[in-house]
Amino acid sequence: MTINWFKFASPAAFYPIAGRLIPWFGGVAAALVLIALYWGFFETADRLGGSNPQKEYYRIIFVHVPTAWMSMWLYLVLAGWSAIGLVFNTRLSFMMAKAVAPTGAIFTFLALWTGALWGRPSWGTYWDWDPRLTSELLLFFLYIGYIALHSAIDDMRRADRAAALLAIVGLVMVPVIYLSINCPDPNQCAALHQRSDPGSIHPSILIPMLTMTLGLWSYSFAAVFARLRNIILSRESDNAWVRDVVAKEAV
């Protein structure tokens, strides 16, 4: 049996699929996040040893690190859908990109906020203008800029293309953030933020951190699909199938 995957590029075809997937992703997200939080806050050591010993406050990494990872991953998704929309001129691709942006912005803000809360007891300051922290802040501004630019243009097709171009140009920030944290020569990249090296993390800490990441990944699907359905209804409101959907949901 051959599946015609291109038919799912139609908003009308994808709308009901997204609706069926939201509860599944939402349920998985809730379960994984609760497990990760319990494990991270109650089943890990009271102190973090190693070269940078820390007390109870280190537990914020179970939120900070996954949200930082998701902020970069979702920007790749945003830029990817933007590129697909520009190349193939598919409406659903632009809608998907617009739906991803707010979730990415939320995760980036959470990464910055939790990083500041962690930085105060660890380093004695909420903020330091080093490349690793500043590049994440610039990523947040890119998300906000995408949302603002899209909202500022009344013509939806022009807004899609302009915002997509901004997203693609801003893609350069993702490797900048990665390299600033995983600098090839640490002596050339002295900063407060330590390197990202999952291989050096104890399994009792790494596993709940990865569990939280999977939970936030599942949440992203649920949130993006829910937002996408609203975007589809708004943009396709002149089509008969949307009126039928609205009429059925109103009953």
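Per chain, residue numbering runs from 1 following the sequence as it is written. Confidence filtering applies because this is a predicted model: local features only for residues at pLDDT of at least 70, side-chain atom pairs given and counted only at 80 or more, and all residues used for totals across whole chains, interfaces and linings. The side-chain figures draw on all heavy atoms in the structure; neither hydrogens nor water molecules are used.

Where an unreviewed UniProt entry is consulted, the protein appears under the name Heme exporter protein C, with the organism given as Halochromatium glycolicum. UniProt positions are given in the numbering used here, feature names are shortened, and annotations may be inferred rather than shown by experiment. The UniProt entry for the protein carries the following text under Function (unreviewed entry): "Required for the export of heme to the periplasm for the biogenesis of c-type cytochromes." The record held by UniProt for the protein lists under Sequence similarities (unreviewed entry) the comment "Belongs to the CcmC/CycZ/HelC family."

Colleague: Got a sec to walk through the overall build of the protein? Specific residues and values, please.
Modeller: Here a helix means four or more residues in a row that DSSP labels H or I, a strand means two or more in a row labelled E, and each is numbered from the N terminus. On a plain count of helices and strands, the protein comes out with 8 helices and 0 strands. Counted from the first residue to the last, the protein has its helices and strands arranged as α-α-α-α-α-α-α-α. The cut-offs for exposure are 20% and 50% of the maximum accessible area for each residue type, with area from a 1.4 Å probe on protein chains only; residues under the lower value are buried, those over the upper are exposed, and the others partly exposed. Taken over 251 residues, the protein has a buried fraction of 41%. Here a residue-residue contact requires only that any non-hydrogen atoms of the pair lie within 4.5 Å. Pairs at least 24 apart in sequence give 76% of the contacts found in the protein among residues at least 6 apart. Accessibility throughout is a Shrake-Rupley quantity obtained with a 1.4 Å probe, and a residue counts as covered only by protein chains that appear here. About 13,500 Å² of surface is accessible on the protein, with carbon and sulfur atoms providing 69% of the total.

Colleague: Can you break down the nonpolar core residue by residue, with the values?
Modeller: As a rule of thumb, soluble globular proteins bury nonpolar side chains together. Residues belong to one nonpolar core when they are buried, are Ala, Val, Leu, Ile, Met, Phe, Trp, Tyr or Cys, and are joined through side-chain atoms within 4.5 Å. Judged by nonpolar contacts, the single largest core of 39 residues is most densely connected at Phe14, Tyr75, Leu78, Tyr143, Tyr146, Phe225 and Leu228. Every element with two or more residues in this core is listed here: α1 (11-42), α2 (61-88), α3 (91-123), α4 (131-152), α5 (156-169), α6 (173-181), α7 (203-235) and α8 (240-250). Not counting chain neighbours up to four residues away, the residues in contact with Leu78 comprise Ala97, Val100, Tyr143, Tyr146 and Ala167. Ile61, Val65, Trp118 and Ile205 belong to the second largest nonpolar core, which has 8 residues in total.

Colleague: Give a description of the pattern of salt bridges that names residues and reports values.
Modeller: Note on definitions: salt bridges are taken to be side-chain nitrogens of Lys or Arg within 4 Å of carboxyl oxygens of Asp or Glu. Counted according to the given criterion, the structure contains 2 salt bridges. Between Glu236 and Arg91 there is a salt bridge, with the nearest N and O atoms lying 2.7 Å from each other. Placement of the pair is Glu236 in the loop between α7 and α8 and Arg91 in helix α3, with a sequence separation of 145 residues. Taking relative accessible area as the criterion, Glu236 reaches 5% and is therefore assigned buried. Linking Asp160 and Arg235 is a salt bridge whose minimum nitrogen-to-oxygen distance equals 2.8 Å. In this pair, Asp160 sits in helix α5 while Arg235 sits in helix α7, placing the two residues 75 residues apart along the sequence. Residue Asp160 is classed as buried on the basis of its relative accessible area, which comes to 1%.

Colleague: Break down the UniProt feature "transmembrane region" (unreviewed entry) in the protein for me, citing the residues and quoting the values.
Modeller: Within this numbering scheme, the UniProt entry marks residues 21-41, 61-87, 99-117, 137-153, 162-181 and 201-226 as carrying the feature "transmembrane region" (unreviewed entry). Regarding residues 99-117, the helix share stands at 100% and the strand share at 0%, and the terminal C-alpha atoms are separated by 29 Å.

Colleague: Give me the lowdown on α1, citing residues and values where you can.
Modeller: Take the number of residues in a helix, subtract one, and multiply by 1.5 Å to get its expected span. Across its 32 residues, α1 extends 44 Å between first and last C-alpha, which sits within 8% of the 46 Å expected from 1.5 Å per residue. When we look at burial in α1, the residues that qualify are Pro11, Phe14, Tyr15, Ile17, Ala18, Phe25, Ala29, Ala36 and Gly40.

Colleague: So what about a nonpolar patch on the surface? Which residues, and what values?
Modeller: Residues Trp73, Leu76, Leu214 and Trp217 make up a contiguous nonpolar surface patch of roughly 390 Å² in combined accessible area. Looking at the nonpolar patch, the elements that each hand over two or more residues are α2 and α7. Looking at where Leu214 falls in the secondary structure, it is placed in helix α7. Here the term patch refers to residues with relative accessible area over 30% and no salt bridge, with like charges joined within 9 Å and nonpolar side chains (Val, Leu, Ile, Met, Phe, Trp, Tyr) within 5 Å.

Colleague: Can you tell me about the environment of Tyr146, naming the residues and giving the values?
Modeller: Residue placement: Tyr146 occurs in helix α4. Assessed through its relative accessible area of 4%, Tyr146 is described here as buried. Along the backbone, Tyr146 and Ala101 are 45 residues apart, and their C-alpha atoms lie at a distance of 7.5 Å. Leave out the neighbours within four places in its chain, and Tyr146 touches Leu78, Ser82, Phe94, Ala97, Lys98, Ala101, Ala163, Ala164, Leu166 and Ala167.

Colleague: Describe the packing of aromatic side chains, listing the residues and the values that go with them.
Modeller: Classification of ring pairs rests on two measures: the distance between centres of Phe, Tyr or Trp rings, Trp counted by its six-membered ring, which must be within 6.5 Å, and the angle between planes, read as stacked under 30 degrees, edge-to-face over 60 and tilted in between. Taken as a whole, this structure holds 13 aromatic pairs when the rule is applied. With 5.6 Å between their ring centres and 70° between their planes, Phe14 and Phe225 make a pair best called edge-to-face. Within this pair, whereas Phe14 is found in helix α1, its partner Phe225 is found in helix α7, the two being separated by 211 residues in sequence. The exposure class assigned to Phe14 is buried, which follows from its relative accessible area of 13%. We classify Phe225 as buried; its relative accessible area is 7%. Ring centres of Tyr75 and Tyr143 lie 5.3 Å apart, and the angle between their planes is 80°; this geometry places the pair in the edge-to-face category. Taken together, the residues span a long stretch of sequence, with Tyr75 in helix α2 and Tyr143 in helix α4 at a distance of 68 residues. Summarising the burial analysis for this pair, Tyr75 and Tyr143 share the class buried.

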